[in-house]
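# Report on the structure
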Amino acid sequence: MGDKGKVVLAYSGGLDTSVATMWLTEQGYDVITMTADVGQKEVDLEASKNKALHSGAIKAYVMDLRKQFVDQFVWPALKSNGMYQGTYPLNSALSRPLIAQTLATIAKKEGAVAVAHGCTGKGQDQVRIEVCTNALDPKLQVLAPVRDWHFSREAEIAYAKEHGIPLSITAASPYSIDENMWGRSIECGALEDPWNEPPEDAFDITVAPAKAPDEPEFVEIAFEKGLPVALNGEPMNGVTLIETLNAIAGKHGVGRIDMIEDRLVGFKSREVYECPAAMTLLAAHRAMETLTLDKQVIACKKVLETKFAELTYEGYWFSPLMDAIGAFNDETQIYVNGVVRLRLFKGQAVVCGMKSANAIYKHDLATYSEGDAFDHAAAVGFIKIWGLPIKTWQQVHQKQVPMEISCL
Ligand code: ARG
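Let me sum up the structure you'll find in this document. (Residues numbered from 1 in each chain as written. Predicted model: local features only at pLDDT ≥ 70, side-chain atom pairs only at ≥ 80, totals over all residues. Heavy atoms only, no water.)

## Description of the packing of helix α3 (residues 66–79) against helix α9 (residues 276–292)
Running from N to C, α3 and α9 cross one another at 45°; their axes reach a closest spacing of 9 Å. The orientation of α3 with respect to α9, classified from their angle, is oblique. Each of W75, L78 and K79 in α3 lies in contact with α9, whose residues at this interface are L281, L282, H285 and E289. When its residues are assigned to classes, the contact of α3 with α9 shows four nonpolar, one polar and two charged. (Axes fitted to C-alpha atoms, helices over the stretch in contact; angles between N-to-C directions. Helix = DSSP H or I, 4+ residues; strand = E, 2+ residues; numbered from the N terminus. Parallel < 35°, antiparallel > 145°, perpendicular 65-115°, else oblique. Contact = heavy atoms within 4.5 Å. Nonpolar A, V, L, I, M, F, W, Y, C, P; charged D, E, K, R; others polar.)

Given below as structure tokens:
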């Protein structure tokens, strides 16, 4: 029994968190690990559990959090067209509040005094996990052993060997990867030079657009209250729909993103993502909203969407403003119902059709052909009044409009 009490550690099964398990044990804690399946491609939960126990954990939780991830985090983000700086679908950022929430829940159940994570002192995941944990349970301590211990990579490996921690046999990747079902984030290695095109080996869940099939593939996504409920006419739960769409869109090279991102802590970094399902669903959802939402709602929602993305990115998932934006978004989604058809081809997901029983688009108002129901005569009075302030301004100020006419 450790004299400092129990700590619940977010455990990935990698070197850092395995060494952290042993290190915290040596500091006097009883370590309980929590490994989450959030839809990352390669996750051997059983092996991860054994490794945690071999690294000194007194208990190892392995949890399938995919449904919770989709229902509580991904879907609110989709309703909000969630994209940080208009480009990053927030895949990594969205999983952090869920991890914090799960750590806090287990801590309560186990009577733990602290939770812990394996983030370094440089990234923003530490900020998200700690701010979210504090928001959920201000009494819980948050430990960050990897930030505190000052081990070099070599010292860490030596420590692992000395303590009998099994080292992974897979070759170390040059990249720092974080993956879940909403996308895969890739950093470091050759990507740190923005002049370098991302090497092909950085990608895993998308094929190179040039090597994608020469024939397009069409998908139809049905929405109810802003959320996808069927793929190609087949009703599906969120987890299955996203996983299926990742495979289909990934095969066509859809969802590769390469950006310079403004970090919360102030510097810029080069980020590469592959998010086939996310990019397809976001395109479809935005299209469905254009057909079903009022012009003013769309304009106001855009402002709040930017705020939503920033709050998510900056670790403010559990915050009063986020709750208020969530309520606004829910209200807007009531009529976002219908079907969107997209063409997946050589790296692009392009909307090529949409229909909705709640469409505000009316053919008889939009058409220039027969059947036009727009009142042309009413335009005369409308323009008179609409242009009145401009006309009055000109009458008062007599501003000269520069005009040059050259005759041929
Ligand atoms: N830049 C992204 C974010 O802050 C991705 C972070 C991914 N984490 C990683 N360990 N590679 O949300």
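## Quick notes on the sheet that holds strand β9 (residues 227–231)
Read from one edge of the open sheet, five strands run β10-β9-β8-β13-β14, paired in antiparallel fashion. Each edge of the open sheet is held by one strand with a lone partner, namely β10 (234–235) and β14 (348–355). When strand β13 (residues 338–345) meets β14, the two strands line up antiparallel, connected through seven bridges. Counterpart to L342 in the pairing with β14 is V351. The strands touched by α9 within the sheet are β8 (217–224), β9, β13 and β14, with β14 carrying the most contacts at an inclination of about 30°. (Pairing = 2+ DSSP bridges.)

## Overview of the site of the ligand
Taken together, the neighbourhood of the ligand is formed by 15 residues, with Y88, Q124, E187, E261 and E271 sitting nearest. Within the side chain of Y88, a nitrogen or oxygen atom sits 2.5 Å from an oxygen atom of the ligand. Contact distances for the ligand include 2.7 Å between an oxygen atom and a side-chain N or O atom of Q124. When isolated, the ligand has an accessible area of 350 Å², and the protein chains bury 90% of it. At the level of secondary structure, the elements contributing two or more residues to the shell around the ligand comprise α4 (91–110), α5 (125–136), β6 (176–180), β7 (183–187) and β12 (268–274). Top contributing element to the shell around the ligand by residue count: β6, with three residues. Residues belonging to the shell around the ligand are distributed by class as follows: five nonpolar, four polar and six charged. (Near = heavy atom within 4 Å. Polar contact = N/O pair within 3.5 Å; in protein donor to acceptor, adjacent residues only side chain to side chain. Areas by Shrake-Rupley, 256 points an atom, 1.4 Å probe, with all protein chains shown as cover.)

## Regarding the nonpolar core
Membership of the largest hydrophobic core comes to 77 residues, with the highest contact counts inside it found for F69, W182, I242 and L281. Not counting chain neighbours up to four residues away, the residues in contact with W182 comprise F69, V74, L78, P89, N91, L94, I242, C275, A278, L281 and L282. If you look at the next biggest cluster of nonpolar residues, it comprises 22 residues, including M22, W23, A114 and I165. (Core = buried A, V, L, I, M, F, W, Y, C linked by side-chain atoms within 4.5 Å. Buried < 20%, exposed > 50% of the residue type's maximum accessible area, 1.4 Å probe, protein only.)

## Considerations on helix α1 (residues 15–26)
Counted at 1.5 Å a residue, the expected span for α1 with its 12 residues is 16 Å, and the 17 Å between its end C-alpha atoms agrees. For α1, the buried fraction is high: nine of the 12 residues fall into the buried class. G28, located one to two residues past α1, shows a positive phi value of around 105°. (Expected span 1.5 Å × (residues − 1).)

## Section: the sheet that holds β6
In a beta sheet, neighbouring strands are held together by backbone hydrogen bonds and run either parallel or antiparallel to one another. Strand order across the open sheet formed by four strands is β6-β7-β12-β11, with antiparallel pairing between neighbours. Strands at the two margins of the open sheet, each flanked by one partner only, are β6 and β11 (256–262). Here the average twist between neighbouring strands, direction ignored, is 20°. Sheet topology note: the β11/β12 ladder contains seven bridges and is antiparallel.

## Considering helix α14 (residues 388–397)
Within α14, only zero of the 10 residues are buried, which leaves it mostly out in the open. After α14 finishes, the residue Q398 shows a positive phi value of roughly 50°.

## Comments concerning the side chain of S55
Inspection of the secondary structure assignment puts S55 in the loop between α2 (45–54) and β3 (59–64). We classify S55 as buried; its relative accessible area is 0%. Contact partners of S55, with chain neighbours within four places excluded, come to Y11, S18, T21, M22 and I165.

## A closer look at the pairing of strand β2 (residues 29–37)
Burial analysis of β2 places nine of its nine residues in the buried class, the great majority of the element. On β2, burial covers both faces: Y29, V31, T33, T35 and D37 on one face and D30, I32, M34 and A36 on the other are all buried. As paired elements, strand β1 (residues 5–10) and β2 share six bridges and run parallel to each other. Across the sheet, residue K6 finds its bridge partner in β2, namely D30. Considered for its hand, the β-α-β crossover made up of β1, α1 and β2 is right-handed. As judged from the six bridges shared by β2 and β3, these two strands associate in the parallel manner. The partner of A36 across the bridge, within β3, is M63. At this point the chain moves from β2, through α2, to the parallel β3, and the crossover so formed is right-handed. (Right-handed = clockwise from strand over helix to strand, strands pointing away.)

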